[in-house]
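The residues making up each chain are set out below.
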Number of protein chains: 4
Amino acid sequence: MKTVSIGSLKIGGKSGGAGAFPIIAGPCSIEGKAHYLHTGNFLKDLGIQVLRGGIFKARTSPHSFQGIRESALEWLPQTKKDLGLPLVSEVNDPRQIEVLDDFLDCYQVGTRNMFNYELLKELGKTKKPIILKRGFAAMIKEWLLAAEYLVQSGNEEIILCERGIRTFEPLTRNTLDLTAVAYLKQNTHFPVIVDPSHAAGDSALVIPLAKASKALGADGILVEVHPEPGKALSDGDQALDFEGMRNLYHSLQDKPSIAPIYKNKSEVQIQV
Amino acid sequence: MKTVSIGSLKIGGKSGGAGAFPIIAGPCSIEGKAHYLHTGNFLKDLGIQVLRGGIFKARTSPHSFQGIRESALEWLPQTKKDLGLPLVSEVNDPRQIEVLDDFLDCYQVGTRNMFNYELLKELGKTKKPIILKRGFAAMIKEWLLAAEYLVQSGNEEIILCERGIRTFEPLTRNTLDLTAVAYLKQNTHFPVIVDPSHAAGDSALVIPLAKASKALGADGILVEVHPEPGKALSDGDQALDFEGMRNLYHSLQDKPSIAPIYKNKSEVQIQV
Amino acid sequence: MKTVSIGSLKIGGKSGGAGAFPIIAGPCSIEGKAHYLHTGNFLKDLGIQVLRGGIFKARTSPHSFQGIRESALEWLPQTKKDLGLPLVSEVNDPRQIEVLDDFLDCYQVGTRNMFNYELLKELGKTKKPIILKRGFAAMIKEWLLAAEYLVQSGNEEIILCERGIRTFEPLTRNTLDLTAVAYLKQNTHFPVIVDPSHAAGDSALVIPLAKASKALGADGILVEVHPEPGKALSDGDQALDFEGMRNLYHSLQDKPSIAPIYKNKSEVQIQV
Amino acid sequence: MKTVSIGSLKIGGKSGGAGAFPIIAGPCSIEGKAHYLHTGNFLKDLGIQVLRGGIFKARTSPHSFQGIRESALEWLPQTKKDLGLPLVSEVNDPRQIEVLDDFLDCYQVGTRNMFNYELLKELGKTKKPIILKRGFAAMIKEWLLAAEYLVQSGNEEIILCERGIRTFEPLTRNTLDLTAVAYLKQNTHFPVIVDPSHAAGDSALVIPLAKASKALGADGILVEVHPEPGKALSDGDQALDFEGMRNLYHSLQDKPSIAPIYKNKSEVQIQV
């Protein structure tokens, strides 16, 4: 069983091992400096070790928010350093790699790009760890062959991420395929994490799905958080608010102790 | 939240309540008296409170074993009484109800019959609890409307059972839809249990899926067990052997204590 | 290649043969005597040789119209004889066979009952031809094995009917699987017809899908017609009105001649 | 109804219009100069007006043939000019556009790239027509929104191409969704063509599916041809050989006349 590190967070390795359950959390999209710091400081205080946040977004409609994109470069690299949390973000185009490679700690290949082999070939040349999401209609075998593209290009620091597949069911955004996660845990050495937010499409379902993922033996989760989900520029329905995120975090600790007293220092201090 | 009882086993009710996690276990098919007693005694000793076992089987091919069927009537009612465990079995035809109603404790509607409305109308007239499996391609809404057929006919003692849905993925028999279970736990008052055996189609995946189901908040599981899965007359690939069943049972107890010393008395005593 | 006859209509046999393209048409549900005669006379005048019409309906909700059911027996057998068109109707329960067998010319097994093996075993004992619809999530192999249940019980007069499968696409009711029809035409000797009405769920799509089915080499179609689709008791959205049915009929003739002058005698004469 | 032209071939426009049924044909992959000329001359002689052929291939496994790629540049532009047929080829990466734009007549966006929005944004800036294949798990609405990405970037010369969707059925490679084509013909002004080769995955099914597509009202087809399908470097199972292509071509003419006498001049003359 391989261990992949993002900053100080170790994902994978000996299953059933001691230690906290790895959680990568953050907004669907980074919406600006204040939003980034507000969310990032909250998560850091909570104990989260790696932040996620979209810069270049792949949206179904060209009329939807496409991410802050290149404008992030002006402030994000320095602000990220100030915050002190490693950052995971999605890459959609081989040409974005050089833009992101300076300050990103881990690339995410989103569900729509798992089959984007030219992108995978280029990403495989980087030295950064890569979260490879399953295509929403990708067979397990195709997913592993996408990972093989990365391996062939020289990068084996791969974390597989199940995020729900497309089925006939209209009531839930996707169908989280934990059968596949169980299968992969027995048949591949790559770490396998779960994104319950996209699977559910509904914040109310995120916590039960996250608990199930942990109990099943997944190596961690990737979850969306927003200070005000109702105002999120993308995917607000599935984002946990801070209260929900606190609940999730504590529900996944092996020994839930007494609820911590939150001073929310960082939430107060933001003055941007 | 409704509680449905099968014998002394209570399923559903206040979520998060104390008490053991409900497990219904037994062979896919009842293969004969010795097989029934062997499996039943093992499960009873283990602490299982309700037995499952197919009498009339719905098989994809007419050339596959169709169940022991009417021949069970000669010995099963009395043997079941001797064993002392309530029995759940599938009903595939309205005309089977009168055959089974004398000694069955709970009807199971299998995945292929969730849309068999004439059967549901007749079952609704019985007073027995009913495990209503989801059709493998049924939307959640259709599943609830199938339950409504039972309710309309007078029976509300319904336990919904998620058993995997059909998707594009060929490596696993079905895709267990825990997103649906999470959804139902928040949107219906019926108890919802999970059948990890059919979802996986592979005994190696049953334990992780069962753990995930419990952590998610499901109200119990329905699992297939066979003394020698390799010789089972139906669905052997997904059946746990006794060792696997013991592991499953203990992994689902809230406080796994020291492994019990098994005397296996009943296993030894069978002389049929 | 097998030929199956319903009354004087021959379905299947040498492909590419001369002769009209077999069309079975009629309402989703028989709604009453006047409705039956009105529709039946129109279709008979048009040249349709076999009528379809539901008596026992399988509906997703118990609150939807369930068919005229046993009440049809009072008038339908005689009225059918007066009209002079063979009748196809769905059977949902083994106990309905003896009710229907006296006057039905062909049984239809609906999409929800393709997996109802106890029903298939009983139907196989009848001597009537059987239209076996594909389960909406049935693999081709499972469909052929359902046919094998009929064959094993003694009835080989089977017409396979593709009626659309369930996929992820929400804009159309089902996805008509003509790839499967092409496959079956090359790999089974049973006649294969298409139901474009259920596949589409929208009358506007019925004519193009029917034309495609004929060009592909299907052995016929089964199509829903209603004098006033907006007032139909079931599935009105997909029913053709008389005008649409006329267009469909003429578009499927090999040599569309000058449009016939319609006197609509029978439509005028109904006095019930 | 919009008309999009590739060279002299007009696709779309008034439906039901006179004239030949548009067929774009060629190998899955261009395998070399001799192969290109051999196939191209055959198709030209047959009457095909536009050639297809992959240069950069998107393959599920990194160990499969990835296309001749940049090496094609040495000879393809001039050879294409000599042959005198417009060429359609797939583009998988925004960086390939400048390589291909000099000599390609039409871009194809493959099924794996329909969701590659960064690619679509760049392609929209070109002036060439674009065949936009449906993602194999894309909803019709998502497909139209992908087209909207092209439109927003300035290019409306779009031809939609249905090529089969992924379903639960394992016997056929994909399920050709002609219901979607019928829907689109009534709800969008873009031309809609069909790729029966990928839908079927089996050359034996290509001709019936092509005929069905024409009868349905599709605006043309895109079909794979190889001189020796058994030796093709990619997707040989679904490629027609020259004999099959001749049959297909003639079966799609409105008035199939006497079979032409084939001199196959070009087939003989190739000396490369």
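Note that the structure is a prediction, hence the values are computed from the model and not measured.

How should I be thinking about the overall build of chain A in this particular structure?
Counting its regular elements, chain A contains 10 helices and 10 strands. Taken over the C-alpha trace, chain A has a radius of gyration of 17 Å; the compact-globule value for 272 residues is 19 Å, and the two agree within 12%. If one aligns the C-alpha atoms of chain A with their principal axes, the spans along those axes are about 45 × 40 × 40 Å. The buried share of chain A, reckoned over its 272 residues, is 64%. In chain A, once contacts between residues fewer than 6 apart in sequence are set aside, the share between residues at least 24 apart is 68%. Summed over all atoms, the accessible surface of chain A reaches about 9,800 Å², with 48% contributed by carbon and sulfur. Computed over 31 positive and 31 negative side-chain charges, the inter-centroid distance for chain A is 4 Å.

Honestly, the packing of aromatic side chains in this entry has me stumped. Any pointers?
In this description, an aromatic ring pair is defined by two values, namely the gap between the centres and the angle between the planes. Using the criterion set out here, one finds 20 aromatic pairs over all chains in the structure. Plain terms: the ring middles of Phe 115 of chain B and Phe 136 of chain C are 5.3 Å apart, the flat faces sit at 85° to each other, and that makes the pair edge-to-face. Here the residue Phe 115 of chain B occupies a position in the loop between β6 (106-109) and α4 (117-123), and Phe 136 of chain C occupies one in the loop between β7 (130-133) and α5 (140-152), the pair thus bridging two chains. Take Phe 115 of chain B and Phe 136 of chain C: they sit in the same class, and that class is buried. Centre to centre, the rings of Tyr 117 of chain B and Tyr 149 of chain B are 4.4 Å apart; their planes meet at 15°, and the pair counts as stacked. Here Tyr 149 of chain B lies in helix α5 (residues 140-152) and Tyr 117 of chain B lies in helix α4, a separation of 32 residues in the sequence. Take Tyr 117 of chain B and Tyr 149 of chain B: they sit in the same class, and that class is buried. By way of ring pairs, the aromatic residues Phe 115, Tyr 117 and Tyr 149 of chain A together with Phe 136 of chain D are connected into one cluster.

Would you mind showing me how to read the interface of chain A and chain B here?
Interface size, as often reported, equals the accessible area lost upon joining of the parts. Taken together, the contacts link 34 residues of chain A with 34 residues of chain B. When chain A packs against chain B, the two sides together hide about 2,700 Å² of surface, and 72% of this comes from carbon and sulfur. Summed over the three residues of chain A that lose the most area to chain B, namely Phe 168, Leu 171 and Thr 179 of chain A, the buried surface amounts to 23% of that side. Taken together, chain A and chain B are joined by 2 salt bridges. Between Glu 169 of chain A and Arg 134 of chain B there is a salt bridge, and its shortest N-O distance comes to 2.9 Å. Across the contact surface, chain A and chain B share 8 residue pairs in polar contact (both at pLDDT 80 or more). Sorting elements by how many residues they give to the side of chain A that touches chain B places helix α8 (residues 203-216) of chain A first, with 8 residues. Here the residues of the side of chain A that touches chain B are counted per class, giving 22 nonpolar, 6 polar and 6 charged.

Would you take a moment to explain the side chain of Glu 142 of chain C for this structure?
Tracing the chain through its elements places Glu 142 of chain C in helix α5. For Glu 142 of chain C, a relative accessible area of 10% translates into the label buried.

Sorry if this is basic, but what is going on with the side chain of Arg 112 of chain C here?
Topologically, Arg 112 of chain C is positioned in the loop between β6 (106-109) and α4 (117-123). Look past the residues within four positions of Arg 112 of chain C in its chain and what remains in contact with it is Phe 115 and Tyr 117 of chain B together with Ala 58 and Thr 60 of chain C.

What is the right way to read helix α2 (residues 76-83) of chain B from this model?
Since the α-helix turns once every 3.6 residues, residues separated by three or four places project in the same direction. All names here are of chain B. Among all positions in α2, only Leu 76, Thr 79, Lys 80 and Leu 83 are buried. Buried residues of α2, viewed axially, fall in a sector of 100°; they line one side. What points out from α2, more than 90 degrees from its buried face, is the exposed set Lys 81 and Asp 82. Each element contacted by the buried residues of α2 is listed here: α1 (33-46), β4 (50-52) and β5 (87-90). At the exit of α2 stands Gly 84, carrying a positive phi of roughly 85°.

In this structure, what is going on with the packing of helix α1 (residues 33-46) of chain C against helix α9 (residues 242-251) of chain C? I would like to understand it.
When two helices pack together, their arrangement is given by the angle between the helix axes and by the axis-to-axis distance. Residues and elements named next belong to chain C. Put simply, α1 and α9 touch, their axes get as near as 11 Å, and they point 25° apart. It follows from the interaxial angle that α1 and α9 lie roughly parallel. Where α1 crosses over α9, the two elements pack in a sense that is right-handed. The segment α1 lies against α9, with His 38, Thr 39, Phe 42, Leu 43 and Leu 46 engaging Phe 242, Met 245, Arg 246, Tyr 249 and His 250. Residue classes in the contact of α1 with α9 are distributed as 6 nonpolar, 3 polar and 1 charged.

Would you explain the pairing of strand β5 (residues 87-90) of chain D in this entry?
Residues and elements named next belong to chain D. Burial along β5 is two-sided: the residues Leu 87 and Ser 89 and Val 88 and Glu 90 are all buried. Bridge analysis of strand β4 (residues 50-52) against β5 gives 2 bridges, and the strand direction is parallel. Note on β5: the bridge partner recorded for Leu 51 is Leu 87. Crossover connection from β4 via helix α2 (residues 76-83) to parallel β5: handedness right-handed. Strand direction decides the pairing type here: β5 and strand β6 (residues 106-109), joined by 3 bridges, are parallel. Across the sheet, residue Ser 89 finds its bridge partner in β6, namely Tyr 107.

I keep staring at unusual backbone geometry and nothing clicks. Help me out?
Among all residues except glycine, the phi angle is most often negative; among peptide bonds, the trans geometry is most common. Residue and element names in this part refer to chain B. Backbone geometry places Arg 69, a non-glycine residue, at a positive phi of 55°. Note that Arg 69 resides in the loop between β4 and α2. What makes Arg 69 buried here is its relative accessible area of 17%.

Sorry, what's going on with the relation of the copies chain A and chain B here?
Each of the two chain copies can be brought onto the other by rotation about an axis and movement along it. Overlaying chain A on chain B yields an RMSD of 0.0 Å, the required transformation being a rotation through 180° with an accompanying axial translation of 0.0 Å. Overall, the copies show the geometry of a two-fold rotation axis. Residue Ala 212 of chain A, judged by its C-alpha, is the member of chain A lying nearest the rotation axis, at 2.0 Å.

It is not clear to me how the nonpolar core should be interpreted in this structure. Could you clarify?
As a rule of thumb, soluble globular proteins bury nonpolar side chains together. If you look at the biggest cluster of nonpolar residues, it comprises 313 residues, and the most contacted ones within it are Met 245 of chain A, Met 245 of chain B, Met 245 of chain C together with Met 245 of chain D. For Met 245 of chain D, the contacting residues outside a window of four places in its chain are Ile 23, Ala 25, Phe 42, Leu 43, Leu 46, Ile 48, Val 223, Val 225 and Leu 240 of chain D.

Quick question: what am I supposed to make of the pairing of strand β10 (residues 221-224) of chain A here?
A regular strand places its side chains on the two faces of the sheet in alternate fashion. Residues and elements named next belong to chain A. Alternating residues of β10 divide into Ile 221 and Val 223 and Leu 222 and Glu 224, and every residue in both groups is buried. By the bridge criterion, 4 bridges tie strand β3 (residues 23-26) to β10 in an arrangement that is parallel. Paired with Ala 25 across the bridge in β10 is Val 223.

Before we go on, may I ask you to explain the pattern of salt bridges in this structure?
Proximity of charged atoms lets side chains of opposite charge pair with each other. Enumeration over the complete set of coordinates arrives at 68 salt bridges over all chains. A salt bridge links Lys 231 of chain C to Glu 228 of chain C; the nearest nitrogen and oxygen atoms lie 3.3 Å apart. Judged by its relative accessible area of 59%, Lys 231 of chain C falls in the exposed class. Connected via shared salt-bridge partners are Asp 93 and Arg 95 of chain A together with Glu 122 and Lys 125 of chain D.

Sorry, what's going on with the confidence of the model for chain A here?
Note that predicted coordinates carrying low pLDDT should not be read in detail. Residue and element names in this part refer to chain A. Of all residues in chain A, 91% attain a pLDDT of 70 or more, and the chain-wide mean is 91. Within the model, the stretch residues 256-272 combines pLDDT values under 50 with 20 contacts to residues more than four positions away or in other chains. At the level of chain-chain contacts, confidence expressed as ipTM amounts to 0.91, with global pTM at 0.92.

Whenever I open this one, the packing of helix α5 (residues 140-153) of chain D against helix α6 (residues 178-187) of chain D confuses me. Can you help?
All names here are of chain D. Two numbers describe how α5 lies on α6: the axes approach to 11 Å, and their chain directions differ by 55°. Compared by their axis directions, α5 and α6 come out oblique. Pair α5 / α6 crosses with right-handed handedness. Touching Ile 140, Trp 143 and Leu 144 of α5 are Ala 180, Tyr 183 and Leu 184, all from α6. Grouping the amino acids of the contact of α5 with α6 by side-chain chemistry returns 6 nonpolar, no polar and no charged.

Just checking my understanding: could you explain the environment of Asp 93 of chain A for this structure?
Tracing the chain through its elements places Asp 93 of chain A in the loop between β5 (87-90) and α3 (97-100). Note on Asp 93 of chain A: relative accessible area 3%, which makes it buried. In this structure the C-alpha to C-alpha distance between Asp 93 of chain A and Arg 69 of chain A, which are 24 residues apart in sequence, comes to 12 Å. Apart from the residues lying within four places of it in its own chain, the contact partners of Asp 93 of chain A are Leu 119 of chain A together with Pro 94 and Glu 118 of chain D.

I keep staring at the environment of Thr 79 of chain C and nothing clicks. Help me out?
Residue and element names in this part refer to chain C. Relative to the helices and strands, Thr 79 is located in helix α2 (residues 76-83). For Thr 79, a relative accessible area of 3% puts it in the buried group. As a C-alpha pair, Thr 79 and Tyr 36 span 43 residues in sequence and 8.7 Å in three-dimensional space.

What should I look at first to understand α5 of chain D in this one?
Residues and elements named next belong to chain D. With 14 residues, α5 extends 20 Å between its outermost C-alpha atoms, agreeing within 8% with the 20 Å of an ideal straight helix rising 1.5 Å per residue. Every buried residue of α5 is listed here: Ile 140, Glu 142, Trp 143, Leu 145, Ala 146, Ala 147, Tyr 149 and Leu 150. Buried residues along α5 sit against α4 (117-123), β7 (130-133), β8 (158-162) and α6. After α5 finishes, the residue Gly 154 shows a positive phi value of roughly 115°.

The rules behind these values
- Residue indices follow the written sequence of each chain, beginning from 1 at its first position.
- In the order they appear in the text, chains get letters beginning with A and ligands get numbers beginning with 1.
- Local features are withheld for residues below a pLDDT of 70 in this predicted model, meaning they are given only at 70 or higher, and side-chain atom pairs are given and counted only at 80 or more; totals for whole chains, interfaces and linings count all residues.
- For the side-chain quantities, the full set of heavy atoms in the structure was used; hydrogens and water were omitted.
- Secondary structure is summarised from DSSP: a helix means a run of H or I of at least four residues, a strand means a run of E of at least two, and numbering begins at the N terminus for each.
- In this description the radius of gyration comes from C-alpha coordinates, and the expected globular size is given by 2.2 Å times residues to the power 0.38.
- Each residue's exposure class comes from its accessible area (1.4 Å probe, protein chains only) as a fraction of the maximum for that residue type: buried when under 20%, exposed when over 50%, partly exposed otherwise.
- Residue contacts are defined here by distance: any two heavy atoms, one from each residue, within 4.5 Å place the two residues in contact.
- In this description, accessible areas are obtained by the Shrake-Rupley approach with a 1.4 Å probe, and a residue is regarded as covered only by the protein chains that are shown.
- None of His or the chain ends enter the tally, which takes Lys and Arg as positive and Asp and Glu as negative.
- Each charge is placed at NZ for Lys, CZ for Arg, CG for Asp and CD for Glu.
- Pairing of aromatic side chains here covers Phe, Tyr and the six-membered ring of Trp, requires ring centres within 6.5 Å, and sorts the geometry by plane angle: under 30 degrees stacked, over 60 edge-to-face, intermediate tilted.
- As a working definition, buried area equals the accessible area (1.4 Å probe) given up by two parts on being put together, with both sides summed.
- Throughout this description, the term salt bridge denotes a Lys or Arg side-chain nitrogen within 4 Å of a carboxyl oxygen of Asp or Glu.
- Residues adjacent in sequence count toward polar contacts only when both atoms are side-chain atoms; beyond that, a polar contact is any pair of N or O atoms within 3.5 Å, and within protein one must be able to donate a hydrogen and the other to accept it.
- Ten residue types, Ala, Val, Leu, Ile, Met, Phe, Trp, Tyr, Cys and Pro, are classed as nonpolar, four, Asp, Glu, Lys and Arg, as charged, and the remainder, Gly among them, as polar.
- The reported arc concerns the directions from the helix axis to the C-beta atoms and nothing else.
- A fitted line through C-alpha atoms serves as each axis, taken over the contacting stretch for helices, and the angle formed by two N-to-C directions is quoted from 0 to 180°.
- Roughly parallel refers to an angle under 35 degrees, roughly antiparallel to one over 145, roughly perpendicular to one between 65 and 115, and oblique to any angle outside these ranges.
- Two helices that cross are described as forming a left-handed crossing if the nearer one is turned anticlockwise from the farther one by less than a right angle, and a right-handed crossing if clockwise.
- Here the rule is simple: two strands pair whenever DSSP picks up at least two bridges between them.
- Crossovers are described as right-handed under a simple rule: with the strands pointing away from the observer, the path leading from the first strand over the helix to the second runs clockwise.
- Residues below a pLDDT of 70 in either copy are left out; the C-alpha atoms of the rest, at least 70 in both, set the least-squares superposition of the copies.
- Only buried residues count toward a nonpolar core. Its members are Ala, Val, Leu, Ile, Met, Phe, Trp, Tyr and Cys residues joined through side-chain atoms within 4.5 Å.
- As a per-residue measure, pLDDT tells how confident the predictor is, with possible values from 0 to 100.
- Under the convention used throughout, the expected extent of a helix is 1.5 Å for every residue step, that is, one less than its residue count.

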